[in-house]
Structures are given as C-alpha cells and as structure tokens.
Amino acid sequence: MTIESAVAAPVVRPAPSRAALDRATKRLQGAVPDVEIAVHAPLIARIEALKAERDAIVLAHNYMTPEIFHGVADLVGDSLALANLASETEASVIVLAGVHFMAETAKLINPDKTVLIPDLGAGCSLAESITPADVRALRAQYPGVPVVTYVNTSAAVKAECDICCTSSNAVEVVESLGSDRVIFVPDQYLSAHVATQTDVEIIPWDGACEVHERFVAQDLISLRESWPGIEIIAHPECPQEVLAEADFVGSTSGMIQHVRDQRPERVALITECSMSDNVAAELPEIDFVRPCNLCPYMKRITLTKIARSLETMQHAVEIDEAVAGRARIAVERMLAVGRGRGG
Ligand code: 13P
Ligand code: SF4
C-alpha cells in the first residue's frame, strides 16, 4: 500500500444552503456577538443536517456556551430536566452536550439508544471524588442507613446507592426514604444545604465542585457594595457562607426560573459563567453582573466536537450491564419522586 492510499480521503460535504445559514444566523442573533455569527453559522447548519441524517437530538446543559445552547440544542435544562427529557425522547441518537455523568444517566434511561458524548474528557470533580469502594465502606460504617447519591457520580457509584438526586429535588428525595438518617454523597456543600432544609440527619462525604467551591462570601458582599439593590442567586454546590449571603438558592434551572419570575433590574448568578450569557440573551432588559468561574469540563464541548461526534458516532457511552442494572434502579427511583423544593 502506498502512503497516499493509506490516508483516508476527506469527506466532501456540500456547502450549506442559504436557507440553512439564515436559520442558523437567526438562532444566534442576540446570543453571541455579531462578528461570531458568520463563524458559527456554517457549523450549526452542518450539525442540523447531521441530526436529520442520524435521527439525533442534542440535549444541552445550561452551562453550554451560547452558540451551542441557542444554536444547536433541541432541549436544554438542569441535570434533572435532562434526565427527564432523555426518558421522553423518540430520537434514535442522543448527543449529550454536557458532562460524562449526564450522558451516562441518559444511557441508563435509554439502554437501546445510542448516547454520544462529544469529548470523553468532559468529566466532573464531584464524580471523581468518590468510588464504589468508598460507598461500600460507608455502608459498612453505618449499617442499614440508606445512601442518596447526587447525580454527579459515575454509574458504578450509582450502582452502590439506593437512590439518586439532583440539586432540584435533593430535599424531596432525602425525605422520600422515610429514614431518620441518610448518607448523602459526594457533595459536602449540597449536603450541608439539604441539612438546613430537613429534619433528616445527613451523613456527608467530603467531595466538592471545583467551580463552585472557589466562590467566597466576600465576593457577594463586594457585589452588594458595588451594586446596591442587586439580586444575588447561588447554586447549592457553593459553600454555606456563600449561600448565606444569597437572596435565592436553586439548581441551574431553578436559578433561571427565579430570574424569569422576579425580573430584577440587576442580577448576579453565582455559578458557572456561560449561564449568565444564555439567560441574558433571553432577557436583554436585565443587567447581568458576571462573576466568572468556568467549568473546564463543560467547556470541552464545542460545536466542532458535536459535528465530529455526529459524523463518526463517537464517543458512544457503554455501561457494563451488571452495573447498569443497579444504577438504573437508583435513577428510576429518583425520577419517580419527581421535581421538588430544592429549586
Ligand atoms: P444542575 O443540576 O443544577 O444543573 O447542576 C449540575 C451541575 O453540574 C452544576 O455544577
Ligand atoms: Fe462538575 Fe462543578 Fe463542572 Fe458541574 S460545574 S460539571 S459539578 S465540576
């Protein structure tokens, strides 16, 4: 074989039609600076064509950048909404524009569908903070105490737990177990927040989100000094001292809904950066002050990688069936409890 014949011929695709480019441009207007629209529109048009070819949908987390969130997402939401939407879709292929545990959750709910994560490096510091052996050790230390796992964990960890929760329904899930005490893994800050909302005793683990734990109370105090009257909304993965300074605490979708309902003149979302960009595009009359902590894992997902993922059908999420069977029970028990008071 010659060197030339060993090199795969590039796939030649027809240039996107004017109509497809116009549709992509319309989706991005007001969401990204005008100069960026011309760069993103051809990629968005290509992804739209690939979605139709593959019978695929893109589910996107609220932390995706605006060109993904507004440009190619069919459905958007927080972790609980993404799990619910994954359970309802008829599409054959789900592209999860988010992090790996979200793609695993979608696969657990849809074992017969293809679930793609565009970059295998899209992990999560919370999911990394606990192993299945850690959960087994906790069970040995606290015999008979049920284990609630935040959805930000691997399927292997979920398989060791009784039920999942997200930041939207954590209190309701904890109380659904009818136990005086529960083990709550892996986020120490979410578990501390839940403990303030319920009489159930919470036994925590010491994991943390590397994005939210960087916020400190002084950040919020300084915001109030600079912008008197500002509404400050925080995600429950932040430390307790930060939540104590906030006007409202909720999941990412809970935070967005709060802004939609309250329409404050000026607001700061104490969470990952891209969310303010996405909501500001929807509510241009509100002044968003943007403290900026980026999630390096979420930011691994780009339009180029989504297009490549649909072209190559990589990376398809696969979960060992023995693990999946047990992890699915924890997720399905959560979905049966539903959306609760957590925001
Ligand atoms: P939500 O479920 O609130 O969207 O949170 C997911 C997450 O990873 C936040 O860091
Ligand atoms: Fe994980 Fe934090 Fe990134 Fe959310 S923001 S995916 S919890 S590291």
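Bear in mind the structure is a predicted one, so any value in this text is a computation, not a measurement.

## What about the nonpolar core?
Link 1 in the chain: Grouped together as the largest cluster of nonpolar side chains are 95 residues, with contacts concentrated most on I68, V148, F184, L269 and I306.
Link 2 in the chain: A per-element tally of this core places helix α3 (residues 34–54) first, with seven residues.
Link 3 in the chain: Those residues in contact with I68 that lie beyond four places of it in its chain are A60, A73, A97, I301, T302, L303 and I306.
Link 4 in the chain: One finds L220, I232, V242 and A246 within the second-largest nonpolar core, a separate group that totals 14 residues.

## Some details on the site of ligand 1
Link 1 in the chain: Taken together, H61, Y63, D78, S79, Y150, N152, S167, H212, H235, E237, S251 and T252 make up the full set of residues near ligand 1.
Link 2 in the chain: Contact distances for ligand 1 include 2.9 Å between an oxygen atom and a side-chain N or O atom of E237.
Link 3 in the chain: Protein chains shield 96% of the accessible area of ligand 1, which is 300 Å² for the free molecule.
Link 4 in the chain: For the shell around ligand 1, the per-class residue count stands at two nonpolar, eight polar and two charged.

## As for the state of the cysteines
Link 1 in the chain: As enumerated under the stated definition, the model contains one disulfide in all.
Link 2 in the chain: Here C273 connects covalently by a disulfide to C292, the sulfurs 1.6 Å from one another. Negative torsions about the S-S bond denote left-handed disulfides, and the value of about 135° found for C273 with C292 makes this one right-handed. Taken as a pair, C273 in the loop between β11 (266–270) and α15 (274–282) and C292 in the loop between β12 (287–289) and α16 (303–312) lie far apart in primary sequence, 19 residues in all.

## Some points on the sheet that holds strand β3 (residues 93–97)
Link 1 in the chain: An order of β2-β1-β3-β4 is seen for the four strands of this open sheet, with the pairing classed as parallel. What marks the edges here is a single partner per strand, and that holds for β2 (75–77) and β4 (114–116). Strand-to-strand twist of the sheet, defined as the mean angle between neighbouring strand axes without regard to direction, takes the value 20°.
Link 2 in the chain: Here strand β1 (residues 56–61) pairs with β3 via five bridges, running parallel. Bridging from a neighbouring strand, L59 pairs with L96 of β3.
Link 3 in the chain: The strands touched by α16 within the sheet are β1, β3 and β4, with β3 carrying the most contacts at an inclination of about 155°.

## Structural notes on the site of ligand 2
Link 1 in the chain: Neighbouring ligand 2 are Y63, V99, C124, S125, L126, N152, C209, V211, E237, C295, Y297 and M298.
Link 2 in the chain: Tallied by class, the residues present in the shell around ligand 2 amount to nine nonpolar, two polar and one charged.

Reading guide: rules and limits
- Residues numbered from 1 in each chain as written.
- Chains lettered and ligands numbered in written order.
- Predicted model: local features only at pLDDT ≥ 70, side-chain atom pairs only at ≥ 80, totals over all residues.
- Heavy atoms only, no water.
- Core = buried A, V, L, I, M, F, W, Y, C linked by side-chain atoms within 4.5 Å.
- Buried < 20%, exposed > 50% of the residue type's maximum accessible area, 1.4 Å probe, protein only.
- Helix = DSSP H or I, 4+ residues; strand = E, 2+ residues; numbered from the N terminus.
- Contact = heavy atoms within 4.5 Å.
- Near = heavy atom within 4 Å.
- Polar contact = N/O pair within 3.5 Å; in protein donor to acceptor, adjacent residues only side chain to side chain.
- Areas by Shrake-Rupley, 256 points an atom, 1.4 Å probe, with all protein chains shown as cover.
- Nonpolar A, V, L, I, M, F, W, Y, C, P; charged D, E, K, R; others polar.
- Disulfide = S-S within 2.5 Å.
- Pairing = 2+ DSSP bridges.
- Axes fitted to C-alpha atoms, helices over the stretch in contact; angles between N-to-C directions.

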